[in-house]
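Residues per chain are reported as follows:
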Number of protein chains: 2
Amino acid sequence: MKKEITIYDIAENVGLSPTTVSRALSNHPRVQETTRKKIVDAAKSLGYQSNIFASSLRKRKSKSIGVIVPRLNSPFQSSVLAGMEKIATQSGYNLVISQSMESLEKEISNTEIMYNSRVDGLLVSKAGTTDDIDHFLPFFKKEIPVLFFDRTPEKNNCTGVVINNTQAIYDATEHLIKQGCKRIVHALGNLQINVYADRLKGYKYALMDHGFVFDAENVISIELDEEAGERITKKILKMHPRPNGLLVSNDTSAASCLMALKKRGIRVPQDVAIVGFNNDLISRMVEPHLSTVNYPSYHMGEVAMKNLINHLDDEHEEILQKTNTITLRSELIIRDSSKRYGDSG
Amino acid sequence: MKKEITIYDIAENVGLSPTTVSRALSNHPRVQETTRKKIVDAAKSLGYQSNIFASSLRKRKSKSIGVIVPRLNSPFQSSVLAGMEKIATQSGYNLVISQSMESLEKEISNTEIMYNSRVDGLLVSKAGTTDDIDHFLPFFKKEIPVLFFDRTPEKNNCTGVVINNTQAIYDATEHLIKQGCKRIVHALGNLQINVYADRLKGYKYALMDHGFVFDAENVISIELDEEAGERITKKILKMHPRPNGLLVSNDTSAASCLMALKKRGIRVPQDVAIVGFNNDLISRMVEPHLSTVNYPSYHMGEVAMKNLINHLDDEHEEILQKTNTITLRSELIIRDSSKRYGDSG
DNA sequence: ATGAAAGCGCTAACAG
DNA sequence: CTGTTAGCGCTTTCAT
């Protein structure tokens with residue numbers, strides 16, 4: 001391996017000390033402009049590449065941020081990541097990304113890897129299985145900031161960026177009630193995940209507030225994938241009376257429900273009104289278009305990253321450190337899949 | 001800041017030298033089992049965390065791999081990334097991800113960042129604008145492997161993982177011809193991107209082989225986003241005779257075409273047969289279901305990463321170094337959007 | 001099987 | 001504004 005060009009080589013070349021070279025290269029104010037110029041030129045002509053390992057070792061900072069998501073391959077998550085990447089790159093941070101595949105075991109292992117990689121901060125959307133956060137303890141102890149987004153642990157001492165899931169589903173449920181739905185089924189994911197637990201609450205509250213009786217049979221907890229529609233539809237068709245309102249907690253599954261229902265000759269929204277969640281592309285491509293909850297995913301990525309970085313860069317102010325929860329605005333988008341009485345909301 | 005626990009502390013604690021501790025912790029064979037155990041236990045009880053900066057500085061390896069994609073937020077790319085992440089994590093590599101936003105300028109800047117971050121290898125799907133690869137020169141010079149996937153530069157000295165785009169569209173075009181389409185329009189992205197240039201070739205060859213005359217008017221080069229369908233449809237409707245076959249180079253746009261056509265009362269596939277590209281979820285959710293080309297995106301991620309890592313880990317064998325191109329299998333999936341004569345392919 | 005010593009390349013006190 | 005010095009924590013000869 002060829003020898004690396006170091007600041008010592010540059011120093012020798014320009015007849016200055018390594019310190020000055022180091023300062024010049026990192027735009028330290030106390031270096032004369034002419035000196036800096038000379039150094040920068042020499043660096044370029046010698047083909048110098050700063051050694052980030054040495055720099056990190058000395059500064060105890062990696063300038064990188066870890067992100068752990070349940071799955072990389074999801075319209076929602078990839079949109080969040082896009083927002084995060086934009087801000088991180090702008091601010092000079094690298095993004096180290098891994099996925100937990102919805103498994104706590106993998107999340108723990110990923111967390112350890114991130115810790116050992118010495119990321120300056122960690123952004124996490126929790127895997128479903130449990131509410132365990134012991135594996136973040138090393139981060140807490142070392143005061144490396146951990147910020148949760150979307151799927152946050154229940155323990156309320158963790159900073160998180162979320163939407164108001166309860167309110168979102170409250171609104172959706174109320175909308176279906178106003179559309180004349182008498183039996184409303186709510187299909188959602190693993191109830192150990194706060195996101196779904198909160199949505200269930202919103203559903204219950206809305207029913208209550210409108211004089212409906214909550215019936216556990218109307219709650220279907222299921223993996224919300226592409227095939228979910230078939231499974232949900234089969235369950236619905238066995239119910240008496242047959243449900244005429246359906247809340248499905250993501251658009252992929254909502255779209256797949258729509259298809260499964262239509263395949264059986266059941267009309268949407270006349271026989272069953274459907275509301276999805278996320279406002280993914282697909283909600284605008286199926287017919288009828290899906291009513292859904294607009295989830296500001298890209299924005300969530302931006303906000304989460306911006307807060308983390310502010311926290312890292314503001315060495316003095318620790319204002320954000322004690323911010324508990326940042327709630328982003330989400331809103332119900334009403335489209336044809338749930339409009340049973342003309343255009344009314 | 002509290003003092004870090006180092007191998008010196010462990011050494012002192014167990015009465016051995018730092019060298020032995022280092023060896024024990026990295027599973028060097030020449031350490032007695034009992035000694036290793038003692039060291040590992042001490043490390044644990046002292047709360048030791050290996051300092052990866054020091055280790056990287058010494059070993060000149062970061063154990064991380066950079067990935068640059070045009071956009072994080074795309075069903076195709078996120079699926080590729082998921083495949084990459086799986087393999088990288090398995091092999092003990094971190095994934096540093098950034099997006100070029102389809103801009104050469106950002107790609108160049110991202111490449112520099114990756115270089116300065118000292119990634120052990122780089123995986124790139126090129127931004128569209130040009131075929132420029134000068135910004136990878138520093139990698140080539142230092143013999144840091146760069147592997148392209150999907151969108152590869154034309155210069156044929158770059159290793160790449162691809163599908164046979166020409167063949168894929170050849171098959172799709174032939175299929176439409178066999179379905180009785182007399183005028184076939186091909187909508188694709190920026191023709192400076194090899195992927196689209198190759199597809200155009202496949203389209204031309206298929207026309208030629210079936211006695212059709214190629215007409216440049218039938219090629220629409222356009223940004224393939226959610227709104228593309230409207231733009232494509234407007235163009236088609238101005239053509240005489242009206243096209244009755246349509247190849248759209250991604251499923252999002254193909255689906256949006258489908259909708260735009262249906263909105264205008266044009267029947268698919270009877271009036272216009274459509275074939276998309278990628279086999280995204282959406283192709284199975286619109287009606288009629290989209291015929292499309294199955295693009296093994298997840299697999300492409302796995303293969304690209306596996307090859308890169310093999311290259312990195314096999315210090316002796318440099319077999320893969322001279323592999324030029326790995327072509328993955330893709331295949332036409334025929335669904336209702338292009339079936340004009342019953343079930344025939 | 002274990003240890004001593006040197007150095008990877010940088011930055012931050014401190015001094016001038 | 002510039003320089004001297006020391007050390008971040010690890011791995012790796014080379015020696016025993």
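Before any of the text, the structure's been laid out above.
Here is what the cut-offs are and how they apply
- Residues numbered from 1 in each chain as written.
- Chains lettered and ligands numbered in written order.
- Predicted model: local features only at pLDDT ≥ 70, side-chain atom pairs only at ≥ 80, totals over all residues.
- Heavy atoms only, no water.
- Pairing = 2+ DSSP bridges.
- Helix = DSSP H or I, 4+ residues; strand = E, 2+ residues; numbered from the N terminus.
- Axes fitted to C-alpha atoms, helices over the stretch in contact; angles between N-to-C directions.
- Buried < 20%, exposed > 50% of the residue type's maximum accessible area, 1.4 Å probe, protein only.
- Right-handed = clockwise from strand over helix to strand, strands pointing away.
- Contact = heavy atoms within 4.5 Å.
- Near = heavy atom within 4 Å.
- Polar contact = N/O pair within 3.5 Å; in protein donor to acceptor, adjacent residues only side chain to side chain.
- Nonpolar A, V, L, I, M, F, W, Y, C, P; charged D, E, K, R; others polar.
- Phe/Tyr/Trp six-rings, centres within 6.5 Å; stacked < 30°, edge-to-face > 60°.
- Least-squares fit on C-alpha atoms with pLDDT ≥ 70 in both.
- 1 Å grid on protein atoms, 1.4 Å probe; cavity = no way out; pocket = protein on both sides within 12 Å on 5 of 7 lines; lining within 4 Å.
- Points joined across faces, edges and corners; volume = space filled by probe spheres on them.

Peer 1: Got a minute to help me understand the sheet that holds strand β6 (residues 184-188) of chain B in this structure?
Peer 2: Residue and element names in this part refer to chain B. Here we have four strands laid out as an open sheet, ordered β7-β6-β8-β9, and parallel in their pairing. Strands at the two margins of the open sheet, each flanked by one partner only, are β7 (219-221) and β9 (273-275). Mean inter-strand twist for the sheet, computed between neighbouring axes without regard to direction, equals 15°. Bridge count between β6 and β7: three bridges; the pairing is parallel.

Peer 1: What is the right way to look at the pairing of strand β6 (residues 184-188) of chain A in this model?
Peer 2: Look at any regular strand and the pattern is simple: side chains alternate between the two faces of the sheet. All names here are of chain A. Within β6, five of the five residues are buried, leaving the element largely enclosed by the surrounding structure. Side chains Ile184, His186 and Leu188 project from β6 onto one buried face, and the interleaved Val185 and Ala187 project onto a second face that is buried too. Pairing of β6 with strand β8 (residues 245-248) involves four bridges; the strand directions are parallel. Paired with His186 across the bridge in β8 is Leu247. After leaving β6, the chain enters helix α9 (residues 194-209) and then returns to the sheet as strand β7 (residues 219-221), a path that is right-handed.

Peer 1: It is not clear to me how the side chain of Ser78 of chain A should be interpreted in this structure. Could you clarify?
Peer 2: Here Ser78 of chain A shows up in helix α5 (residues 75-90). Each residue touching Ser78 of chain A, except ones within four places of it in the same chain, is listed here: Leu72 of chain A together with Leu72, Asn73 and Ser78 of chain B.

Peer 1: Explain the sheet that holds strand β9 (residues 273-275) of chain A to me, please; I cannot follow it from the model alone.
Peer 2: As a general point, the strands of a sheet are linked pairwise by backbone hydrogen bonds and lie either parallel or antiparallel. All names here are of chain A. Within the open sheet, the four strands sit side by side as β7-β6-β8-β9. Their pairing is parallel. Strands with a single pairing partner mark the edges of an open sheet, and in this sheet they are β7 and β9. Strand-to-strand twist across the sheet, computed as the mean angle between neighbouring axes with direction ignored, equals 15°. Where β8 lies against β9, three bridges are found, and the strand directions are parallel. Residue pairing across strands places Leu246 opposite Ile274, the latter belonging to β9. In the packing of helix α8 (residues 165-178) onto the sheet, contacts are made with β6, β8 and β9, and the angle to β8 comes to roughly 165°. This element, α9, spans β6, β7 and β8 of the sheet and lies at about 170° to β6.

Peer 1: Quick question: what am I supposed to make of the protein's contact with DNA strand D here?
Peer 2: Contacts to DNA strand D come from 27 residues, most closely from Thr19 and Arg23 of chain A together with Ser22, Tyr48 and Arg58 of chain B. One of the side-chain N or O atoms of Thr19 of chain A is found 2.8 Å from a base oxygen in DNA strand D. At the level of secondary structure, the elements contributing two or more residues to the surface near DNA strand D comprise α2 (18-25) and α4 (52-59) of chain A together with α1 (7-14), α2 (18-25) and α4 (52-59) of chain B. Per-element accounting of the surface near DNA strand D gives the leading share, five residues, to α4 of chain B. Split by residue class, the surface near DNA strand D holds eight nonpolar, 11 polar and eight charged.

Peer 1: Can you walk me through the protein's contact with DNA strand C in this structure?
Peer 2: Contacts to DNA strand C come from 27 residues, most closely from Ser22, Tyr48 and Arg58 of chain A together with Ser17 and Arg23 of chain B. Close to the protein, within 4 Å, the atoms of DNA strand C are drawn from sugar and phosphate at a rate of 57%. A distance of 2.7 Å is found between a phosphate oxygen of DNA strand C and a backbone nitrogen or oxygen belonging to Ser17 of chain B. At a separation of 3.0 Å, a phosphate oxygen of DNA strand C approaches a polar side-chain atom of Thr35 of chain B. Elements that contribute at least two residues to the surface near DNA strand C include exactly α1 (7-14), α2 and α4 of chain A together with α2 and α4 of chain B. If one sorts the elements of the surface near DNA strand C by residue count, α4 of chain A sits on top with five residues.

Peer 1: Sorry, what's going on with the packing of aromatic side chains here?
Peer 2: Given two aromatic rings, their pairing is described by the distance between the two centres and the angle made by the two planes. Per the stated rule, a full pass over the model turns up 10 aromatic pairs over all chains. Measuring from ring centre to ring centre gives 5.3 Å for Phe136 of chain A and Phe148 of chain A, while their planes differ by 85°; the resulting arrangement is edge-to-face. Note that Phe136 of chain A is positioned in the loop between β3 (121-124) and α7 (137-141) and Phe148 of chain A in strand β4 (residues 146-149), a separation of 12 residues in sequence. By relative accessible area, which is 0% here, Phe136 of chain A ends up buried. Centroid distance Tyr115 of chain B to Phe139 of chain B: 5.4 Å. Interplanar angle 65°. Geometry classified as edge-to-face. Separated by 24 residues along the polypeptide, Tyr115 of chain B in helix α6 (residues 104-116) and Phe139 of chain B in helix α7 (residues 137-141) bring together distant segments of the chain. Grouping residues by exposure puts Tyr115 of chain B and Phe139 of chain B together as buried. Following the ring pairs from residue to residue traces out a cluster consisting of Phe76, Phe277 and Tyr295 of chain A.

Peer 1: When you look at the pairing of β8 of chain A in this model, what are you seeing that I'm missing?
Peer 2: Neither face of β8 of chain A is left uncovered, since the one carrying Gly245 and Leu247 of chain A and the one carrying Leu246 and Val248 of chain A both have all their residues buried. On the question of chirality, the crossover connecting β8 of chain A to the parallel β9 of chain A by way of helix α11 (residues 251-263) of chain A is right-handed.

Peer 1: Honestly, the relation of the copies chain A and chain B in this entry has me stumped. Any pointers?
Peer 2: The two chain copies are related to each other by a rotation about an axis together with a translation along it. Superposing chain A onto chain B takes a rotation of 180° plus a shift of 0.0 Å along the axis, which leaves an RMSD of 0.1 Å. The transformation relating the two chain copies, once decomposed into turn and shift, fits a two-fold axis. Taken as a fraction of all interface residues of chain A, those also at the interface in chain B reach 98%, which identifies the copy contact as same-surface.

Peer 1: Help me out: how do you make sense of empty space enclosed by the protein in this one?
Peer 2: One simple way to see leftover space: roll a probe sized like a water molecule over the atoms. Counting across every chain of the model gives four cavities of 30 Å³ or more. In terms of lining residues, the largest cavity is bounded by 18 residues, among which Ser62, Ser64 and Ser117 of chain A together with Ser64 and Ser117 of chain B are the most central. Sorting the residues of the lining of the largest cavity by element identifies α4 and β2 (94-99) of chain A together with α4 and β2 (94-99) of chain B as the ones contributing at least two each. In terms of residue class, the lining of the largest cavity is made up of seven nonpolar, 10 polar and one charged. In this structure, the second largest cavity occupies an estimated 70 Å³ of space. If you trace the second largest cavity, you find it lined by Val96, Ile97, Ser98, Asn110, Ile113 and Met114 of chain A together with Glu85, Ala88, Thr89, Tyr93, Asn94 and Leu95 of chain B. Only β2 and α6 (104-116) of chain A together with α5 (75-90) and β2 of chain B provide two or more residues apiece to the lining of the second largest cavity. Residues belonging to the lining of the second largest cavity are distributed by class as follows: seven nonpolar, four polar and one charged.

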